Amino acid sequence: MDQGTMTLLIYVVVFGGIMYFFMIRPQQKQAKQRRAMLDSLRVNDKIITAGGIYGKIRKVKDDSVIIQVADKVEIEVTKNGIGSVENREIVVEKEKKAEKKDKAEKNEEVVEQEQTAE
């Protein structure tokens, strides 16, 4: 290979890496968060559908949920049609659990170090 071909190859690899870190990776992370939100739907969650309808989940099925949008008015919506959950943060709950786990592990390490120091 000559100098020009190597330079072009390096530019393509660098550009591909930049595309991955700025476009593909964040999109995969967002899809993972959305999947976690849809998998963790529960009764009495307040949601907003993709069409902008506010409601409260009354029943969760495999691929759909039944939401109450007004008194004695219920509609069935596919899970993919749910835009967001209003009354809780799915990601924050998981992060808090992970932080508690990390703190517990650090506390155990400190206790072990103190015991070995004595």
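Look a little higher up for the structure.
First, a word on scope: everything that follows refers to the structure included in this document. (Residues numbered from 1 in each chain as written. Predicted model: local features only at pLDDT ≥ 70, side-chain atom pairs only at ≥ 80, totals over all residues. Heavy atoms only, no water.)

**So, the overall build of the protein**
And then number 1: When its secondary structure is counted, the protein shows two helices and five strands.
And then number 2: Helices (α) and strands (β) of the protein occur, in sequence order from the N terminus, as α-β-β-β-β-β-α.
And then number 3: Every one of the 118 residues in the protein was classed for burial, and the buried ones make up 19%.
And then number 4: Pairs at least 24 residues apart make up 41% of the contacts formed inside the protein by residues separated by at least 6 positions.
And then number 5: Accessible surface, the protein: about 9600 Å² in total, of which carbon and sulfur atoms supply 55%. (Helix = DSSP H or I, 4+ residues; strand = E, 2+ residues; numbered from the N terminus. Buried < 20%, exposed > 50% of the residue type's maximum accessible area, 1.4 Å probe, protein only. Contact = heavy atoms within 4.5 Å. Areas by Shrake-Rupley, 256 points an atom, 1.4 Å probe, with all protein chains shown as cover.)

**Topic: the sheet that holds strand 5 (residues 82–85)**
And then number 1: The strand order across the open sheet formed by five strands is 4-3-2-1-5, and the pairing between neighbours is antiparallel. Of all the strands in the sheet, the pair left with one neighbour each is strand 4 (73–78) and strand 5. Pairwise comparison of adjacent strand axes, ignoring direction, gives a mean angle of 45 degrees for this sheet.
And then number 2: For strand 3 (residues 64–70) and strand 4, the ladder comprises six bridges, and the chain directions are antiparallel. Bridged to Val65 within strand 4 is Val77. (Pairing = 2+ DSSP bridges. Axes fitted to C-alpha atoms, helices over the stretch in contact; angles between N-to-C directions.)

**Overview of the side chain of Thr49**
And then number 1: If you trace the backbone, Thr49 turns up in strand 1 (residues 46–49).
And then number 2: In this structure, Thr49 is in contact with Ile67, Val77, Gly81, Ile82 and Gly83, ignoring residues within four places of it in sequence.

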